[in-house]
Structures are given as C-alpha cells and as structure tokens.
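The residues making up each chain are set out below.
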Amino acid sequence: MHALSALRGAVRRAVVQRPPSGCRAAYRGFASGDDATVIDTAGMPLSPEELQSHLMDSIQSSASTDLQLPDKSARANMWARILRSGTPLRQDPWPHPSGAATFWLLRHADAPTYTNVAAGDVDPFDPAEQMGGEGSNATVIAVLVQQTDPFHVLYGASIHPALPTTAATSLVQAAAATIAPERCEALVSLPGLCAWVRDGERWNDAGMLAACGEESAAAARAVALNQPRPGHSVLGPGTFNAAKTAWMFLANQYVDSNDELLEEMMMYKTVLGAGTWNIQHLADTDPEYMVLAGGATAIFEPKP
C-alpha cells in the first residue's frame, strides 16, 4: 500500500531486536485494556538515577547467566516493579530535523528537560543510538515514531532491552492524542522473516505448497535465499511477483509464531481501536529490508 521512506529504513535499523520468547498471543482480535497502563502507587517512586540503575542491573544480570538479554518474564517483572513503585514517567516529543516525523521519547518525569531552544538547550537524543549506557539516549527508555506527511502512521517502537514492548504503550497514546485515532495507521517490520524461512526451508511446507503452488513456492525460496531462480540471471520484480502468494502465506505464519511481533501489534491495536492487521507485500522496498523480509510489512488500517 505505502512505500516506506528512507527515514523509516534508518529507524528500523536502529531498533533493538530481541530473541523470541515463549508465550503465544492472538493478534487478529485483542481484548480491550492494557494492564501496563495501571499504576499501583503503593511503594517508593524511583529517582531518575535509581531507574537507570535498575535497568542496567537487569542487563548485567542476564549477561552473568549467559543470556543475550533479559528474558520475557524478567522484562515484564521489571516493568511491573516500575509501575507499582509509582515512578512518574513523561512522554517527550522530539521533532526530526527533516521535519518528516516526530519521535516520542519515554523518560523519567524528573529527567532533564530541554525547553529553551533559543538558548541552545537542545535535546541530545540520537535516533541512530541504542538506549541504555552513557550516550545521548541514556535517559530514554522507549521510543516511537509518528509520521504525519503524507499520512498519519506510527512505527519504529524501540524499547530499552530490560523492558517489555508494552513499555511504549503510553507513547502510542501520546501520539494518537494529537490526531484522530481512527485516522492513524501503524506499521510493524518483519526483519527476521527471510532467516525464519531459510532456517526451516519452509518453501517445502506441504500446506503452503498445496495452497500456493510450486511456482510461487520456488519464487519464495529465491526471495528467502536472496538469489535468482534457476534459469534467471537476477532476483528481480518478476520473482517477487511470482512469490507473492507463498510469501504472504509464510509471512502470516511467521507473525503468528513470533511473540515479540504479536505483542507490538497488540500494543498498537489496544490504543488505536477498531481496525485490522494485514501483511502487505513489497510495502518496504529498501534494499537492506528486501534481504531481511522480502519487503513484507505488517500494516494496521483503522476501520473506516
């Protein structure tokens, strides 16, 4: 439906990718409400320094147990502790210098503010830098991108690796509050799709072959391997068009099996309300993304 801009490609490359976790969820229809937005005020609120310390301790703990990042349970528990403590958080809008988008940043409410632009008081946020550590994004615990030109769309949710996807829910709410939610779309990238298809040689899947046919399956194999079909000299538009039926079949299977993607899609739908998620073929034709996902992107379209 929409070709993604170069800005979206840059945002996607900066987003922290987590390994898949073990819980399942449905994404076609979600229950209303979001427990992560309910704050238990019992307890002592964390200071900005204590918040950063807790997050870094969680990362270091996972490293000491040979985990790449905190697992799903550890991230959910950390977010629950922050909410139960009543730690105040704020949502800061950061206009991209190009004027093409606004980045919404989740920070501790008492973190430094940058309001006197005329005096050179500029927010040091860097969209190409990961969160955590001592860099420009040290105080940022979640990011969301809102693009309004030529249409309203939310994408690029990036969360501190010690926290779950739902930590960005308030950013979706802040962005949606600036426009009518029924006019807002959301995008979720599928950067692990090609690797998932390759690892399982899923072009041989009997159900997919029966539903999509051998020609489309062979083209999907070429897309996943990033190489021309036998008898072809290049991996070009003809192959991607031939692969469409099989690639959409596989992309839907991939999304259904990936908890991180499902949680991100649930987060958007919980806030934006009525609408549907669909996988769009060749929605993002950035060359790097074509290698990662064959151009497939999950798109939430509001109900008319």
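Remember, it's a predicted structure, so these values are computed and weren't measured experimentally.

## Observations regarding the packing of aromatic side chains
- Under the definition given, this model contains six aromatic pairs.
- Between W196 and Y254, the ring centres sit 5.5 Å apart and the planes meet at 50 degrees, which makes this aromatic pair tilted. Taken together, the residues W196 in helix 5 (residues 193-199) and Y254 in helix 8 (residues 237-257) connect sequence positions 58 residues apart.
- Since its relative accessible area comes to 8%, Y254 is described here as buried.
- Judged by centre distance (5.5 Å) and plane angle (55 degrees), the rings of W277 and F300 are tilted. Here F300 lies in strand 7 (residues 297-302) and W277 lies in strand 6 (residues 275-280), a separation of 23 residues in the sequence.
- Aromatic ring contacts, followed pair by pair, group W94, F103 and F125 into a single cluster.
- A cation over a ring is seen here: R202 above W196, with NZ or CZ 3.8 Å from the ring centre.

## A closer look at the confidence of the model for the chain
- On average, residues of the chain score 84 in pLDDT, and 81% of them reach the 70 mark or higher.
- Note that residues 1-5 has pLDDT below 50 and, in this model, 14 contacts with residues that lie over four places away or in other chains.
- Here residues 13-41 is modelled with pLDDT under 50, and outside its nearest four sequence neighbours on either side it reaches 71 contacts, counting other chains as well.

Thresholds applied
Residues numbered from 1 in each chain as written. Predicted model: local features only at pLDDT ≥ 70, side-chain atom pairs only at ≥ 80, totals over all residues. Heavy atoms only, no water. Phe/Tyr/Trp six-rings, centres within 6.5 Å; stacked < 30°, edge-to-face > 60°. Helix = DSSP H or I, 4+ residues; strand = E, 2+ residues; numbered from the N terminus. Buried < 20%, exposed > 50% of the residue type's maximum accessible area, 1.4 Å probe, protein only. Lys NZ or Arg CZ within 6 Å of the ring centre and 35° of its normal. pLDDT = per-residue confidence, 0-100. Contact = heavy atoms within 4.5 Å.

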